[in-house]
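Analysis of the macromolecular model
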Amino acid sequence: MEGPKQVVRRGYDVLSRRYDDATGADSKYESWIDELIARLGTTGRVLDVGCGSGVPVARALTAAGHHVVGVDISEVQISRARELVPQAEFVNADAMSLEFPPESFDAVVSLYALIHLPLDEQQQLLARIATWLRPGGCFLCTTGHTAWTGTEDNWLGGGAPMWWSHTDTATYRSWLTAAGLTIDAESFVPEGSGGHTLFWAHRLSGT
């Protein structure tokens, strides 16, 4: 039986294009990306954890003059990202295998990606992300809103399963704070009968 990460990897390998079509890749997250670009100001280095096909996050950020490093577990997603956003740097890897020097990035983005990791790994990754941020650096992420773990057998009608695991907003809030991040804002993002939580956070200067 496949483990959860193998299900996620294979699911995105199979459904990469269908996912972009279903979620409106050209326009999704537009307001969030615009706000991130405004917060970054001058040219910066940005890590996109769970970058998918590179659209829209890496594409928009590179167009704004930033250097983007995108990471995704799906080989197909990374292959497409390299074609769609040749100006960025992309790595095909499990996010938990990543190693960067402290204070490597001005911002880290992780949209709809943390929830594809086991819960204990999510907490570990958040702690690592905090160390990769430069003092004052911005972290933009989506998390679960309520606790749930499960699989959808025929995700997006594409003939492949997908797996998720997430806890509740209060727990994510405590994990971010424990990692040394200050939460600037949070909001509920509805989806179907449920939704996710959007967090804006930053690493304090001098921490």
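Heads up: the structure comes first, above all this text.
As a starting point, this report considers the structure included with it. Keep in mind that this is a model prediction, so the values were computed, not measured.

Calculation notes
Residues numbered from 1 in each chain as written. Predicted model: local features only at pLDDT ≥ 70, side-chain atom pairs only at ≥ 80, totals over all residues. Heavy atoms only, no water. Pairing = 2+ DSSP bridges. Helix = DSSP H or I, 4+ residues; strand = E, 2+ residues; numbered from the N terminus. Axes fitted to C-alpha atoms, helices over the stretch in contact; angles between N-to-C directions. Contact = heavy atoms within 4.5 Å. 1 Å grid on protein atoms, 1.4 Å probe; cavity = no way out; pocket = protein on both sides within 12 Å on 5 of 7 lines; lining within 4 Å. Points joined across faces, edges and corners; volume = space filled by probe spheres on them. Nonpolar A, V, L, I, M, F, W, Y, C, P; charged D, E, K, R; others polar. Phe/Tyr/Trp six-rings, centres within 6.5 Å; stacked < 30°, edge-to-face > 60°. Buried < 20%, exposed > 50% of the residue type's maximum accessible area, 1.4 Å probe, protein only.

Some points on the sheet that holds strand β8 (residues 181-191)
In spatial order, the strands read β3-β2-β1-β4-β5-β9-β8; together these 7 strands make up an open sheet with mixed pairing. What marks the edges here is a single partner per strand, and that holds for β3 (89-92) and β8. Along the sheet, successive strands turn relative to each other by an average axial angle of 15 degrees, direction set aside. In terms of strand pairing, strand β1 (residues 45-49) meets strand β2 (residues 67-72) through 5 bridges, oriented parallel. Bridged to Val46 within β2 is Val68. Sheet contacts for helix α2 (residues 30-40): β1, β4 (105-110), β5 (133-144), β8 and β9 (194-203); angle to β9, the most-contacted strand, approximately 5 degrees.

Some remarks on the layout of surface pockets
In this model, the largest pocket occupies a volume close to 600 Å³. Lining the largest pocket are 22 residues, with Tyr112, Ile115, Trp164, Glu191 and His196 positioned closest to its centre. When residues of the lining of the largest pocket are traced back to their parent elements, those giving at least two are α1 (4-23), β6 (148-152), β7 (162-166), β8 and β9. Partitioning the lining of the largest pocket into residue classes produces 11 nonpolar, 8 polar and 3 charged.

Some thoughts on the packing of aromatic side chains
Aromatic ring pairs are reported here in terms of the distance separating the ring centres and the angle at which the planes meet. All chains considered together, the criterion is met by 10 aromatic pairs. Taken together, a centroid distance of 5.1 Å and an interplanar angle of 85 degrees make the contact between Phe100 and Trp132 edge-to-face. Taken together, the residues Phe100 in the loop between β3 and β4 and Trp132 in helix α5 (residues 119-132) connect sequence positions 32 residues apart. Residue classification places Trp132 among the buried residues on the basis of a relative accessible area of 3%. With centroids separated by 5.5 Å and ring planes inclined at 80 degrees, the aromatic side chains of Trp155 and Trp164 adopt a geometry described as edge-to-face. Here a set of aromatic residues connected by ring pairs shows up, and it is made of Tyr12, Tyr19, Trp148, Trp155 and Trp164.

Re unusual backbone geometry
Residues apart from glycine generally show negative phi values, whereas peptide bonds are mostly found in trans. Put simply, Val55 and Pro56 share a cis peptide bond, and its omega is 15 degrees. Note that Pro56 resides in the loop between β1 and α3 (57-63). Positioned with a positive phi, Glu103 is a non-glycine residue whose angle comes to about 60 degrees. With a relative accessible area of 36%, Glu103 lands in the partly exposed category. A positive phi angle, near 60 degrees, is found at Leu156, a position not held by glycine. Among the secondary structure elements, Leu156 is positioned in the loop between β6 and β7.

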